[in-house]
Amino acid sequence: MGLVETEAIVLHTFKLAEADKIAVCMTEKAGLVRGVARGARRLKSKFGASLEPFTLINLTYFEKEARELVTIKNTEILRSYFGAAESSEVVASMGYLVELVKEFATPHLADERLFRMLRACVESLASTPHNAQAIFAYCELWILRLTGFLPDSKVCGGCRGHLKDRISSGAYITPEGIVWCAECYRGGGRFLSEEVYELLSSIRVLRPASWSEAYSETPAPGQQIASSISRGLIKRVLEKDIRGNHQSFQAIQPQRSADKQPVGE
Ligand SMILES: [Zn+2]
């Protein structure tokens, strides 16, 4: 309670009354926080452009006991993605990451790893927007992992043997994300080649930029399997497919840029 200072990423803002804004932020020290910024919509507001979505800021806010909405006292821009945000495709892609985090983060519960993962993904997306598909899969798998929805893929769900010793003949993954070695597998899942298994497992040790490289070096069918697994696991947990709300990010895949059409026209 009281005054809190933390690094934060602005996820979303909306208008409040005549001159104020409510900002939803993912913070390093306090998880998801909703705060009101008095006067933020005035031309000469002290908040300036700091409360634009996806901006990385130093946030100071005042928290009162038993009140969900905090009062934003001060903000300082650490990193602005204003340039990237001029592209509607990048905005749509970042919008998807933001929605994912909003679905999974617990309000006022600090989750530094989730914060750092989001910060790295936003940065990666801003600098290499054509890697959106890889960054989505990375963010999806990490969120599942950090929130306890991704089973350990190091050992077989049947014999508990180390999969790295058995992966040469491939493995299988169930809709719940449990990986089985070829010997134990009894159906109901999909095949994972050694290559895709290694790719999925490497999120544990790679940052999004490096993982995007590994993803792009994987042949297209393997990329599609990795992406559909991560998307399917998210869909299963949320019982809805929120990627569908951010369709315009499809347009930034390089191979499709030639036939890109403005959305809704
Ligand atoms: Zn097994």
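Everything here concerns the structure above.
Residues numbered from 1 in each chain as written. Predicted model: local features only at pLDDT ≥ 70, side-chain atom pairs only at ≥ 80, totals over all residues. Heavy atoms only, no water.

### Comments concerning the coordination of the zinc ion
Thought 1: Protein-derived coordination of the zinc ion comes from Cys 156 (SG), Cys 159 (SG), Cys 181 (SG) and Cys 184 (SG), at a distance range of 2.2 to 2.4 Å.
Thought 2: Metal-centred angles of 100 to 120° between the four donor atoms at the zinc ion mark the site as tetrahedral.
Thought 3: Counting gaps between the donor residues of the zinc ion yields the pattern C-x2-C-x21-C-x2-C. (Donors = N, O, S within 2.8 Å, 3.2 Å for Na, K, Ca; no water. Tetrahedral: all angles 85-135°; square planar, octahedral: opposite > 155°, others 65-115°.)

### A look at the pattern of salt bridges
Thought 1: Under the definition given, this model contains 11 salt bridges.
Thought 2: In this structure, Glu 52 and Lys 21 form a salt bridge, with 3.8 Å as the shortest nitrogen-oxygen distance. Placement of Glu 52 in the loop between strand S3 (31–37) and strand S4 (56–63) and of Lys 21 in strand S2 (residues 20–27) is noted, with a sequence separation of 31 residues between them.
Thought 3: Here Asp 165 ties to Lys 164 by a salt bridge, and the two come within 3.8 Å at their closest N and O atoms. Grouping residues by exposure puts Asp 165 and Lys 164 together as exposed. (Salt bridge = Lys/Arg side-chain N within 4 Å of Asp/Glu carboxyl O. Helix = DSSP H or I, 4+ residues; strand = E, 2+ residues; numbered from the N terminus. Buried < 20%, exposed > 50% of the residue type's maximum accessible area, 1.4 Å probe, protein only.)

### Things to note about the packing of helix H4 (residues 194–201) against helix H6 (residues 220–238)
Thought 1: At a minimum axis distance of 10 Å, the contact between H4 and H6 shows a crossing angle of 50°. With respect to H6, the axis of H4 lies oblique. You can see that H4 and H6 cross each other, and the crossing is right-handed. For the pair formed by H4 and H6, the contact residues are Val 196, Leu 199 and Leu 200 on the first element and Gly 222, Ile 225, Ala 226 and Ile 229 on the second. (Axes fitted to C-alpha atoms, helices over the stretch in contact; angles between N-to-C directions. Parallel < 35°, antiparallel > 145°, perpendicular 65-115°, else oblique. Left-handed = near helix turned anticlockwise from the far one by under 90°. Contact = heavy atoms within 4.5 Å.)

### Looking at the packing of aromatic side chains
Working definition: an aromatic ring pair is given by the centre-to-centre distance plus the angle between the planes.
Thought 1: Counted by the stated rule, this structure contains seven aromatic pairs.
Thought 2: Relative to Trp 211, the ring of Tyr 138 has its centre 5.9 Å away and its plane inclined at 50°; by these criteria the two rings are tilted. Of this pair, Tyr 138 sits in helix H3 (residues 132–146) while Trp 211 sits in helix H5 (residues 208–217), and the two are 73 residues apart along the sequence. Both residues of the pair, Tyr 138 and Trp 211, belong to the buried class.
Thought 3: Three or more aromatic residues joined by ring pairs form one cluster here, namely Tyr 138, Trp 142, Trp 211 and Tyr 215. (Phe/Tyr/Trp six-rings, centres within 6.5 Å; stacked < 30°, edge-to-face > 60°.)

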